[in-house]
Amino acid sequence: MRAVSLERGVVKYAEGSCFVKFGDTHVLVTATLEDKLPPWLKGQQRGWVTAEYGMLPRATSSRTRREAAAGKQSGRTVEIQRLIGRSLRTVVDLQALGERQITIDCDVVQADGGTRTASITGAWVALYDCIAWMKKRDMLKAEPLRDHVAAVSCGVFNGTAVLDLDYAEDSEADTDANFILTGSGNIIEIQATAERDPFSEAQLMTLLSLARKGVVVVTLNYRLGPFGFFSHPELDAESGHNASGNQGVWDCIAALKWTRSNIAAFGGDPSSVTIFGE
């Protein structure tokens, strides 16, 4: 799997934002909160999560004309942004959101395969931060998020199952698939296509197993308030490193060490761990 990074809070004005990188595929994602709904949702006492997707003209090796200049979106663009929106809505309690809409904007800065899966993964992080922004302002009475979401591509390239294909692999793959999964291990959507010979159910299960190894979510609890960040001379003396007040941070460090030591047993890669959250 290519190197993955998720940089949060990269856009000053957005309620949530994330710059996600899957190798040389880079996507800027923002989440915007609005106190308005599509007309068909008004009066239903629930909110909505939707998405828009686009590629910058030089995201690829040659310039692509802006779709705004062409006067309409391509079928590919519409299909991807609908995929992003419905993937996120499966893990959101829309009633808990209230009569508000969160719009996710995914702008591909650089494309090298897997732009839709990178977009979905970054979109969940931006959505999470947007909801955290709402919580800090006491805008929610209940927790809207029910699970995590991440996505990854898999395929058969030169007869071998490959995780997270880049463009060179994707364009020559015998089978190409995208898997959108939840943190609890459930499936949101699978898109799989035989580019040459049809694939078997066993091959599909092999790709699904590989995708699960690429999407492993570990949640952790850590001490907050005085239990996590209270400093006192007596605590300094017993700490072993003459300092206190960072118990919450030490909890996170311990969790990270545990993850790196044990994640292989769950199908994860201890050399590729990404931390995100509040």
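A brief report on the enclosed structure follows. Because the structure is a prediction, the values reported are computed rather than measured. (Residues numbered from 1 in each chain as written. Predicted model: local features only at pLDDT ≥ 70, side-chain atom pairs only at ≥ 80, totals over all residues. Heavy atoms only, no water.)

## Remarks on the sheet that holds strand β9 (residues 187-194)
Reading across from one edge, β7-β6-β8-β9 is the order of the four strands in this open sheet, with antiparallel pairing throughout. Each end of this open sheet is capped by a strand with a single partner; those strands are β7 (160-163) and β9. Across the sheet, the mean angle separating the axes of adjacent strands is 15 degrees when strand polarity is ignored. On top of the sheet, helix α4 (residues 115-136) reaches β6 (149-157), β8 (175-182) and β9; it is set at about 165 degrees to β6, its chief contact. Across the sheet, helix α6 (residues 201-214) lies against β6, β7, β8 and β9, angled at about 50 degrees from β8, the strand it touches most. (Pairing = 2+ DSSP bridges. Helix = DSSP H or I, 4+ residues; strand = E, 2+ residues; numbered from the N terminus. Axes fitted to C-alpha atoms, helices over the stretch in contact; angles between N-to-C directions. Contact = heavy atoms within 4.5 Å.)

## Thoughts on the side chain of arginine 100
Mapping arginine 100 onto the fold places it in the loop between α3 (94-97) and β5 (101-110). Within the structure, arginine 100 has its side chain in polar contact with the backbone oxygen of leucine 97 (distance 2.8 Å). Leave out the neighbours within four places in its chain, and arginine 100 touches Leu33, Glu34, Asp35, Lys36, Leu37, Gly47, Trp48, Met134, Met139 and Leu140. (Polar contact = N/O pair within 3.5 Å; in protein donor to acceptor, adjacent residues only side chain to side chain.)

## Quick look at unusual backbone geometry
For glutamine 45, which is not glycine, the phi dihedral falls at a positive 60 degrees. Following the sequence through the fold, glutamine 45 ends up in the loop between β3 (25-34) and β4 (48-55). Overall, the relative accessible area of 55% leaves glutamine 45 in the exposed class. One non-glycine residue, aspartate 138, adopts positive backbone phi at about 55 degrees. Inspection of the secondary structure puts aspartate 138 in the loop between α4 and β6. (Buried < 20%, exposed > 50% of the residue type's maximum accessible area, 1.4 Å probe, protein only.)

## Thoughts on the nonpolar core
Counting 42 residues, the largest nonpolar core has Ile84, Ile102 and Ile104 as the members making the most contacts within it. For this core, the secondary structure elements donating two or more residues are β2 (16-22), β3, β4, α2 (75-89), α3, β5, α4 and β6. Of all hydrophobic cores here, the second largest spans 13 residues; its members include Val152, Val156, Ala177 and Leu181. (Core = buried A, V, L, I, M, F, W, Y, C linked by side-chain atoms within 4.5 Å.)

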